[in-house]
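# Observations on the model geometry
So the chains spell out like this:
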Amino acid sequence: MAGSFQGVINDVGMFVSPAESQKVQYHGIYSEHGHRVYSLAFWMTDNELVAEQLASNTFLRAFASTGTPTTEQIDHAFLTEVRELTPVGALTLSCAASPHIQSVYGSVKRIDLERALVQLPATEKLVFLFHDVEGYNHERIGRLLGISERESQYGLHQARIQIRELVSRIS
């Protein structure tokens, strides 16, 4: 009886088991997306321990849904985890530019921006992070959050106004 070996040959010509191959593949996906997911989680929670748990749960959920999750699937897993912590969906801000906002150009410190960002409502914070930090376009943000492209643009505008207002109060 001839036995068959199960496994693959890696890039250096060594035989590795399917489990080891999958472990390497998971590690590659985590290495590619881990920092981004943790950063988003930290900005959403403003807590390192909660952010670590949120990032871990995101990858567990993404890998449970498919063996090789795409960026889009990881983002959906992240949003599912975030939604368990805070309401995300409808835009919560409806503010107009305040006439008494001072010019903050040249006097803004990074810490002031960080303090302002963590005070934003969840949906506006996500729109801001996805657009201005991650570089996602409004169509993609709308798809992820279940809102229209126009609502994503409006949410970004409102987030920027709110950040400007909060920074002017902090500075």
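Just so you know, the residues in each chain are numbered from 1, in the order the chain's sequence is written. In keeping with the predicted nature of the model, local features appear solely for residues at pLDDT of at least 70, side-chain atom pairs appear and are counted solely at 80 or more, and the whole-chain, interface and lining totals rest on all residues. The basis for every side-chain value is the complete set of non-hydrogen atoms in the structure, without hydrogens or water.

## Quick word on the overall build of the protein chain
By definition, any uninterrupted DSSP run of H or I lasting at least four residues is a helix, any uninterrupted run of E lasting at least two residues is a strand, and each is numbered from the N terminus. Per the secondary structure count, the protein chain includes seven helices and two strands. For the protein chain, the succession of helices and strands along the chain, N to C, is β-β-α-α-α-α-α-α-α. A total of 171 residues make up the protein chain; the buried ones form 36% of that total. Residue contacts are counted whenever heavy atoms from the two residues lie within 4.5 Å of one another. Taking contacts inside the protein chain between residues at least 6 apart in sequence as the whole, the part at least 24 apart equals 67%. In the form shown here, the protein chain has an accessible surface area of approximately 10200 Å², with 53% of it arising from carbon and sulfur atoms. Buried, partly exposed and exposed residues are distinguished by accessible area as a fraction of the type maximum, computed with a 1.4 Å probe on protein chains only: under 20%, between the cut-offs, and over 50%, respectively. The protein chains shown are the only cover counted for residues, whose accessible areas, like all others here, come from Shrake-Rupley with a 1.4 Å probe.

## Brief notes about the side chain of Ser152
Mapping Ser152 onto the fold places it in helix α7 (residues 149-170). In this structure, Ser152 is in contact with Val127, His138, Ile141, Gly142 and Ile147, ignoring residues within four places of it in sequence.

## Side note on α7
Multiplying one less than the number of residues by 1.5 Å gives the expected span of a helix. A rise of 1.5 Å per residue sets the reference length of α7, with its 22 residues, at 32 Å; its end C-alpha atoms lie 31 Å apart and thus fit the reference within 8%. Those residues of α7 that fall on the buried side of the exposure criterion are Ser152, Gly155, Leu156, Gln158, Ala159, Ile161, Gln162, Ile163, Glu165, Leu166, Val167 and Ser168. The elements touched by buried residues of α7 are α4 (110-118), α5 (122-133) and α6 (138-145).

## Concerning the confidence of the model for the protein chain
A score between 0 and 100, pLDDT records how confident the predictor is in each residue. When pLDDT is averaged along the protein chain, the result is 82; 74% of the residues meet or exceed 70. Below pLDDT 50 for its whole length, residues 1-5 participates in one contact with residues either more than four positions away or in separate chains. Counting contacts from residues 93-98, a segment whose pLDDT is below 50, to residues more than four positions away or on other chains yields 15 contacts.

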